[in-house]
Amino acid sequence: MTFSLAAIAQQIGGELRGDGNQLIARVRDVEDAGEGDICVIIDRRFVRQLDRLTASALVLPAGFPPPDRPVIIVANPRRALIRLLALFHPEDPAPAGVEPGALVAGDAALGEGVFVACGARVEAGAVIGPGSAVHANAVIGRGAVLGERCVVFPNVTIYPGV
């Protein structure tokens, strides 16, 4: 899967400087990045090495001297790295539906594409937003409301009315 630098800049909320049509195939660390890769510079200790890096593009915090390659300037490079990793390595969505062995109250409202795993319990009046997943042994308390695309991991309890 490849993305243009323009699309990447939009996804991570950065300012693109350079060719927005350049395609990027991977997120790599500074030492291993090469052609087709993007890396995120978080630390000022790399400022002297910017011209020696072989990545096709860099994500830099504001205030770094721009090197002679495309860059995306961001306010928070750690947050940008998290967004980059999510873009290039999206989680596999849970399959929609209620597994056998899950307990769902008759008046609980499940949005479109909701997944409820075996052993999970959704109590009366609970509302689970579209695309959400409730994993094994999780409990959604009476009247609790989950928004869109929430993930409740195994053994987590969302207390009543939350």
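The rules behind the values
- Per chain, residue numbering runs from 1 following the sequence as it is written.
- For a predicted model such as this one, the threshold for reporting local features is a pLDDT of at least 70, and the threshold for listing and counting side-chain atom pairs is 80 or more; totals across whole chains, interfaces and linings nevertheless cover every residue.
- The side-chain numbers reported here are obtained from all heavy atoms of the structure, hydrogens and water having been left aside.
- Whether two strands pair comes down to DSSP finding at least two bridges between them.
- Helix numbering and strand numbering both begin at the N terminus, where a helix is a DSSP run of H or I of at least 4 residues and a strand a DSSP run of E of at least 2.
- Categorising residues by exposure relies on relative accessible area from a 1.4 Å probe, with only protein chains included: less than 20% of the type maximum marks a residue as buried, more than 50% marks it as exposed, and the intermediate range marks it as partly exposed.
- Contacts: residue pairs with any heavy atoms within 4.5 Å of one another.
- When a carboxyl oxygen of Asp or Glu is within 4 Å of a side-chain nitrogen of Lys or Arg, the pair counts as a salt bridge.
- Convention adopted: a line fitted to C-alpha atoms gives each axis, helices being fitted over their contacting stretch, and angles between N-to-C directions are expressed from 0 to 180 degrees.
- Each helix should span, by expectation, one fewer than its residue count multiplied by 1.5 Å.
- The arc in question is formed by the directions pointing from the helix axis toward the C-beta atoms.
- In protein, a polar contact means a hydrogen-donor-capable atom and an acceptor-capable atom, both N or O and within 3.5 Å, with residues adjacent in sequence counting only if both atoms are side-chain atoms; elsewhere, any N or O pair within 3.5 Å suffices.

(A) Highlighting the sheet that holds strand S9 (residues 103–104). One open sheet accounts for 4 strands, arranged S9-S12-S15-S18; its pairing is parallel. Every other strand in the sheet has two partners, leaving S9 and strand S18 (157–158) as the edge strands with one partner each. Relative to strand S15 (residues 139–140), strand S12 (residues 121–122) runs parallel, the two being bridged by 2 bridges. When the sheet's bridge partners are listed, Val122 is paired in S15 with Ile140.

(B) Summary view of the side chain of Ser56. Looking at where Ser56 falls in the secondary structure, it is placed in the loop between strand S5 (37–40) and strand S6 (57–61). What makes Ser56 buried here is its relative accessible area of 6%. Ignoring anything within four residues of it in the chain, the contact list for Ser56 reads Gln22, Ile24, Gly34, Glu35, Gly36, Asp37, Arg69 and Pro70.

(C) Quick peek at the pattern of salt bridges. Taken as a whole, this structure holds 4 salt bridges when the rule is applied. The shortest N-O distance in the salt bridge between Glu15 and Arg17 comes to 3.1 Å. In this structure, Arg26 engages Asp37 in a salt bridge whose closest nitrogen and oxygen atoms are separated by 2.6 Å. Highlighted residues: Arg26 in strand S4 (residues 26–27) and Asp37 in strand S5, separated in sequence by 11 residues. Residues participating in the shared-partner salt-bridge network are Arg26, Arg28 and Asp37.

(D) A look at the sheet that holds S5. Strands sit in the order S2-S7-S6-S5-S4 across an open sheet of 5 strands; the sheet is mixed. Two strands bound the open sheet, and with one partner strand each, they are strand S2 (15–17) and S4. With 3 bridges connecting them, S5 and S6 associate as parallel partners. Looking at the pairing, Val40 lines up with Val59 of S6. Lying over the sheet, helix H1 (residues 5–12) contacts S2, S5, S6 and strand S7 (71–74), oriented at roughly 10 degrees with respect to S7.

(E) Examining helix H2 (residues 77–88) more closely. For H2, with 12 residues, the first-to-last C-alpha span of 16 Å sits near the 16 Å given by 1.5 Å per residue. Within the sequence span of H2, burial applies to Pro77, Ala80, Leu84, Leu87 and Phe88. For H2, the buried positions fall inside an angular range of 85 degrees around the axis, keeping them on one side. Set apart from the buried face of H2 by more than 90 degrees, the exposed residues are Arg78 and Ile82. Here H2 starts with a cap whose side-chain oxygen sits 3.1 Å from the backbone nitrogen of Arg78, and that cap is Asn76.

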